[in-house]
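As a plain string of letters, each chain reads:
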Amino acid sequence: MSQSVNFFTADKEPYYLPLADEVEIFRAAYSARLPILLKGPTGCGKTRFVEHMTWRLYQETANSLEVPLITVSCHEDLTATDLVGRYLLKGDSTIWTDGPLTRAVRTGAVCYLDEVVEARKDTTVLIHSLTDHRRVLPIDKTGELLHAHPEFLLVLSYNPGYQSVLKDLKPSTRQRFVSLEFDYPSVEAEAAIIAHEAGLENTDAERLAVIGERVRNLKQHGFEEGVSTRLLIYAANLMTAGIAARRAADVAIVTAISDDRIVQNAVADIVDVILP
Amino acid sequence: MVSLAQSEDTLALFTEGIAGRYIHIKSTEEFVNHRRLAYRPDQTGQSSDAIYLPEHINAPDHNGYRVLVMEQLGLRECQTFSFRMRTALARVDTLKAHYSEPATGTARSGDFHLLFGSFTHPNLAADLFTLLEKARVQAYLLRTYPGLKRHLQNYHNHLLSTESPDIDPLSWGHRYLWGEANIPQQWSLLSCALQNLEASSTDVYDSVSELCTLYSLIESAYVFTETDPYPQQQESLPDWLNREQRVEEWEEDLEQLDERLMAVDMLAAEDVEAQRGDSGDAAIREAELDIKSLADERDTLKRRIDMERASVQHALGTNRANARSFRYDEWDYQQRRYLNRWCRVYEEPLTGSDDYDTTELRDAIKHFQPLVQRQLEQIRPTGLQRVSRVQDGDELDLNAIIEARQDIRAGHSPNEQFYSRKERMQRDVCAVFLIDLSASTDDPIEPPEPFDWDTYQKNNNDNLRDPFDSEFEESPVDETPKRKIIDIQREAMVVMASALDALGDSYGVYGFSGYGKDNVEIYTAKDPHEAFSQRTLQAIASMTPKRSTRMGPAIRHATHKLTQSGHAMKVLIVISDGFPQDSDYGPERGNHNYGVEDTAKSLQEAQQKGVETFCVTVDRSGPDYLQRMCPNERYLVIEDMADLPDQLSKVYTALTTG
């Protein structure tokens, strides 16, 4: 199978620090079953936000769904078939197997298509029929017209920044969603997130957050994406595991964001003056 | 000694990261050559869009440059340039003793100029102030950027060990900041002051206060004579920076005034409404008077802002905050060597706006589209293709399935590749079009062409039938504007752009011009990763003839951009109207050999880096120099300008399918 599917069953609340009113909006959209589109750069917390919200929603409804959130990371070879399902050879017979989207539609889970613009264009057909009043999923290969479970919700995410304009979402797709914009948090908020996620001391976490802020200033000129909160947390994780701060930043930040030697040197220099 | 050239690329990115906006990193020599401001090549300084660093510094390693950059950024972060004399007078009591309203001062006198003018030797005061601010900034940097400490100490230790101490108090002050432990007893007051300024609560006015306290002590150390005065500096850079910042403050005031004026205006109008028929004439007159005085105040301020902005620009040069800059080598064919980091290229986006009429360009697209499209269709990719027998796909491959079934029945393990899928056949091409925007592209083309494409054929026919008729009919002065080379270049570019967009290749459109080696300009109409849009049309429409044609650095920059794009096939097409020339392109003006040789070298470099190059010119004497300039005879001289779009698409097809 070409897609990677994460089945999410967390007993502990996934940590998420709200930056604006996104929690309320998501909740309201869910109660009206409006599909949601999350826009924002890599590693700024979109996936975590969906996990957090799903956990909260299912905690409140006391729904005994085994798999409340199905995440599909889209890539450029992901086709509609990968989402809907396919025939597999099993022993002597050829049997139909549901894809992750079909499974979510049947059971009433939240289906989260991460980086959806990466997927092939034929996937939009599925998205369109599921996101208007019809809420149906046509399955060509079996001839089935599947009506969505009342609890089912579709959440998409995409990153308008680095993907080429050719891969932008079509307005007809975009206008079916409630759009929530995400960005990297402020230095204070990011420091709090890093400190919580990696269990790092506050001053160190703040320094990492400042590194994030400064390195993001180079975005688009030196390289396509700024350093993500995720990378900063990785660096923090390494530091709590006993790696020296400079070395941790070196492997988690400097070498991770670009292969260009000049950019790497510049980022290393920025890290170098901010860390003690 | 370390030199700037080796680390300036990294340094520029570093500076952008720390400062949060792009700042040009320039060699101080570039400043000395071009400005009337007194400036020494061994100094560090800044203007609003650049930081000037010495070409060579006495430092243990390149981190010395980083320390210098941080010191300059520190001055910005510590608000040194937001110093205001009025605030200083209110806050620093000791300053009042020195200061007297200058007789020649105007509202536009610089605040630093006023401050230092309060002392008998303004330049000594300025140097002392710089030292005091340095202490404050250094302490701030060490607090905010703890990692800088190592480099600062390293650099300072190096300076301490290599530079021998002078006797004057200012140099001892600097040595104190470098960490010198044995400051002569007589200057202990100075070192105390420097130490006081290290506290985090200090601001620029504390430095001013220390300046007032220390000035007489420091001055007493110098013996000034008529023949040996303190080195004079006519105008100082910080003063201009300070004044530039003040313009921005004034503009805020202006906005407020505008708002107030509008509010009063509305109020007055309401009053008039309310008191119509009433006997409120006096009140109305009062309101009018109010409006008049406000309007006067606004106009004065507006005039002052305009004048100040003009003088700041005159002093500091054109503000190139929107541009990014790069330095490139140049080939000196007489000495057979590269001149290291010789030319500065500014890359500036052409924003375009609604003011530019794009209908003409749209007409050109309509006219040429079918022709160009036909050319480019030869290279259109085949689209989606179904690939069978793959591990993973959207459909089962029936043949493979049957074989697999047979294998299973026969007891063999089947081949697992029994799917088929659609795959896109992609071209991976990036093209850059480099358009000459020299002044000569403003020339009309001969013979002048009709303006309107629809009537093009008709007029031609008319002329064929009766060639003299039209001449007699026309008025003696030809009123239709003659079409210029630039018009055709612009049209050819939009036609190519729209066609390439349909093809799906990524491409960039850049204009180039400039004046002198430190001012090569590249104008970005479209970057390869942008989509073709109305904005692209406007940007191309806003391409206008500028100045010279220094081709070498422009080609080097385009090559740099192409190699960075990461595409497999890279194509560079240069469109020009004559030989490369610039004011200092070679030792003698008018001799084009130097320019031709440098351009030839830059094209060779491009080829070595895997870029396919091609030159298109409309200059009929082109073959003379193009033969020497372009490798493998890759050039084309266009006889009839109207052929440009057609020829360009042929060239493009040949280059990208070859």
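1. Quick look at helix α21 (residues 593-608) of chain B
Residues and elements named next belong to chain B.
Here is step 1: In this model α21 runs 22 Å from its N-terminal to its C-terminal C-alpha over 16 residues, within 8% of the 22 Å that 1.5 Å per residue would give.
Here is step 2: Looking only at α21, the buried set comprises Tyr594, Gly595, Val596, Asp598, Thr599, Ala600, Ser602, Leu603, Glu605 and Ala606.
Here is step 3: If you follow the buried residues of α21, they end up packed against β6 (324-332), β7 (337-349), α20 (551-565), β15 (611-617) and α22 (622-629).
Here is step 4: Downstream of α21 by one or two residues, Gly610 has phi in the positive range, about 85°.

2. Comments concerning the environment of Leu644 of chain B
Residue and element names in this part refer to chain B.
Here is step 1: Inspection of the secondary structure puts Leu644 in helix α23 (residues 644-657).
Here is step 2: Residues Leu644 and Glu491, spaced 153 residues apart in sequence, show a C-alpha to C-alpha distance of 8.9 Å.
Here is step 3: If we skip the residues at most four places from it in the chain, Leu644 touches Ile488, Gln489, Ala492, Ile575, Val616 and Ile638.

3. Looking at a negative patch on the surface
Residues and elements named next belong to chain B.
Here is step 1: A cluster of acidic residues, Glu248, Glu252, Asp253, Glu255 and Glu259, forms a negative patch at the surface.
Here is step 2: Its location among the elements puts Asp253 in helix α12 (residues 237-275).
Here is step 3: Among the residues examined, Asp253 registers a relative accessible area of 37% and is labelled partly exposed.

4. Focus: the interface of chain B and chain A
Here is step 1: Every contact between the two is made by 35 residues of chain B and, on the other side, 33 residues of chain A.
Here is step 2: Together, the buried faces of chain B and chain A total about 2,800 Å²; carbon and sulfur atoms form 55% of this surface.
Here is step 3: Together, Thr10, Leu13 and Arg405 of chain B form the three largest contributors to the area buried by chain B at its contact with chain A, with a combined 18%.
Here is step 4: The tally of links between chain B and chain A comes to three salt bridges.
Here is step 5: Linking Asp269 of chain A and Arg66 of chain B is a salt bridge whose minimum nitrogen-to-oxygen distance equals 3.5 Å.
Here is step 6: Those elements that place two or more of their residues in the side of chain B that touches chain A are α1 (8-19), α3 (63-77), α8 (148-162), β9 (395-396), α15 (398-409) and β10 (419-424) of chain B.
Here is step 7: Counting residues per element, the side of chain B that touches chain A draws most heavily on α1 of chain B, which supplies eight residues.

5. Some details on the pattern of salt bridges
Here is step 1: Applying the stated criterion to the full structure yields 53 salt bridges over all chains.
Here is step 2: Here Arg207 of chain A makes a salt bridge to Asp204 of chain A, at a shortest N to O gap of 4.0 Å. Of this pair, Arg207 of chain A and Asp204 of chain A both sit in helix α8 (residues 202-216), three residues apart, which is roughly one turn of the helix.
Here is step 3: Arg207 of chain A sits in the partly exposed class, given a relative accessible area of 26%.
Here is step 4: Relative accessible area serves as the criterion here: at 22%, Asp204 of chain A is assigned to the partly exposed category.
Here is step 5: Through salt bridges with shared partners, a single ionic network connects Arg84, Asp111, Arg243, Arg246, Glu249 and Glu308 of chain B.

6. Brief notes about the domain arrangement of chain A
Size of an interface, as often reported, equals the accessible area lost when the parts are brought together.
Residues and elements named next belong to chain A.
Here is step 1: Taken domain by domain, chain A comprises domain 1 (2-181) and domain 2 (187-274).
Here is step 2: Across the domain 1 to domain 2 interface the summed buried area is about 830 Å²; carbon plus sulfur atoms make up 58%.
Here is step 3: Applying the counting criterion to the domain 1 and domain 2 interface returns one salt bridge.
Here is step 4: A salt bridge links Arg48 to Glu197; its shortest N-O distance comes to 3.2 Å.
Here is step 5: Along the contact surface separating domain 1 from domain 2 lie three residue pairs in polar contact (both at pLDDT 80 or more).
Here is step 6: Taken together, the residues of the side of domain 1 that touches domain 2 sort by class into six nonpolar, three polar and one charged.

7. Here we look at the packing of helix α9 (residues 229-240) of chain A against helix α10 (residues 245-257) of chain A
Residues and elements named next belong to chain A.
Here is step 1: Here α9 crosses α10 at 155°, and the two axes come no closer than 8 Å. The orientation of α9 relative to α10 falls into the category roughly antiparallel. Remark: the crossing between α9 and α10 carries right-handed chirality. Contacts from Leu231, Leu232, Tyr234, Ala235, Leu238 and Met239 of α9 reach α10 at Ala245, Ala248, Ala249, Val251, Ala252, Ile253, Ala256 and Ile257.
Here is step 2: Per-class residue counts for the contact of α9 with α10 are 14 nonpolar, no polar and no charged.

8. Focus on helix α11 (residues 204-219) of chain B
All names here are of chain B.
Here is step 1: With 16 residues, α11 should cover 22 Å at 1.5 Å per step; its first-to-last C-alpha distance of 21 Å lies within 8% of that length.
Here is step 2: Buried residues of α11: Val204, Tyr205, Ser207, Val208, Glu210, Leu211, Cys212, Leu214, Tyr215 and Ile218, and no others.
Here is step 3: Check the buried side of α11 and you find it contacts α4 (85-91), α5 (93-98), α6 (111-117), α7 (122-144), α9 (169-178) and α10 (188-196).

9. Regarding unusual backbone geometry
Residues and elements named next belong to chain B.
Here is step 1: Even without being glycine, Gln79 reaches a positive phi, approximately 65°.
Here is step 2: The partly exposed category is assigned to Gln79, whose relative accessible area is 45%.
Here is step 3: Located in the positive-phi region is Arg389, a residue other than glycine, with phi close to 55°.
Here is step 4: Within the secondary structure, Arg389 sits in strand β8 (residues 384-390).
Here is step 5: On the basis of relative accessible area, Arg389 is assigned to the partly exposed category, the value being 35%.

The rules behind each value
- All residue numbers refer to position in the chain's written sequence, counted from 1.
- Here chains are named by letter from A upward and ligands by number from 1 upward, in the order in which they appear as written.
- Whole-chain, interface and lining totals are the exception, using all residues; otherwise, since this is a predicted model, local features are given only for residues with pLDDT of at least 70 and side-chain atom pairs are given and counted only at 80 or more.
- With hydrogens and water set aside, each side-chain value is computed from the structure's full complement of heavy atoms.
- Counting from the N terminus, the helices are the DSSP runs of H or I reaching at least four residues and the strands are the DSSP runs of E reaching at least two.
- Working rule for helices: expected span equals 1.5 Å times residues minus one.
- The classification of residues rests on relative accessible area computed with a 1.4 Å probe and restricted to protein chains. Under 20% of the type maximum is buried, over 50% is exposed, and intermediate values are partly exposed.
- Any two residues having at least one pair of non-hydrogen atoms within 4.5 Å are treated as being in contact.
- Residues enter patches when their relative accessible area tops 30% and they take part in no salt bridge; the joining distance is 9 Å for like charges and 5 Å for the nonpolar side chains Val, Leu, Ile, Met, Phe, Trp and Tyr.
- Throughout, the Shrake-Rupley method with a 1.4 Å probe supplies accessible areas, and for residues the shown protein chains are the sole cover considered.
- Each salt bridge in this description consists of a side-chain nitrogen of Lys or Arg and a carboxyl oxygen of Asp or Glu lying within 4 Å of one another.
- Charge counting treats Lys and Arg as positive and Asp and Glu as negative, with His and both chain ends excluded.
- The location of each charge is read from NZ of Lys, CZ of Arg, CG of Asp or CD of Glu.
- When two components associate, each loses some accessible surface as probed by a 1.4 Å sphere; the sum of these losses over both components is called the buried area.
- Residue ranges for the domains originate in an automatic or database domain assignment.
- Two N or O atoms form a polar contact when they lie within 3.5 Å of each other; inside protein one atom must be a possible hydrogen donor and the other a possible acceptor, and for residues adjacent in sequence the pair counts only when both atoms belong to side chains.
- Think of it as three bins: nonpolar holds Ala, Val, Leu, Ile, Met, Phe, Trp, Tyr, Cys and Pro, charged holds Asp, Glu, Lys and Arg, and polar takes everything else, Gly as well.
- Angles here are taken between N-to-C directions and fall from 0 to 180 degrees, while the axes themselves are lines fitted to C-alpha atoms, restricted in helices to the stretch in contact.
- By definition in this entry, angles of less than 35 degrees are roughly parallel, angles greater than 145 are roughly antiparallel, angles of 65 to 115 are roughly perpendicular, and the rest are oblique.
- Whether a crossing is left-handed or right-handed is set by the direction in which the near helix is turned from the far one by less than a right angle, anticlockwise for left-handed and clockwise for right-handed.

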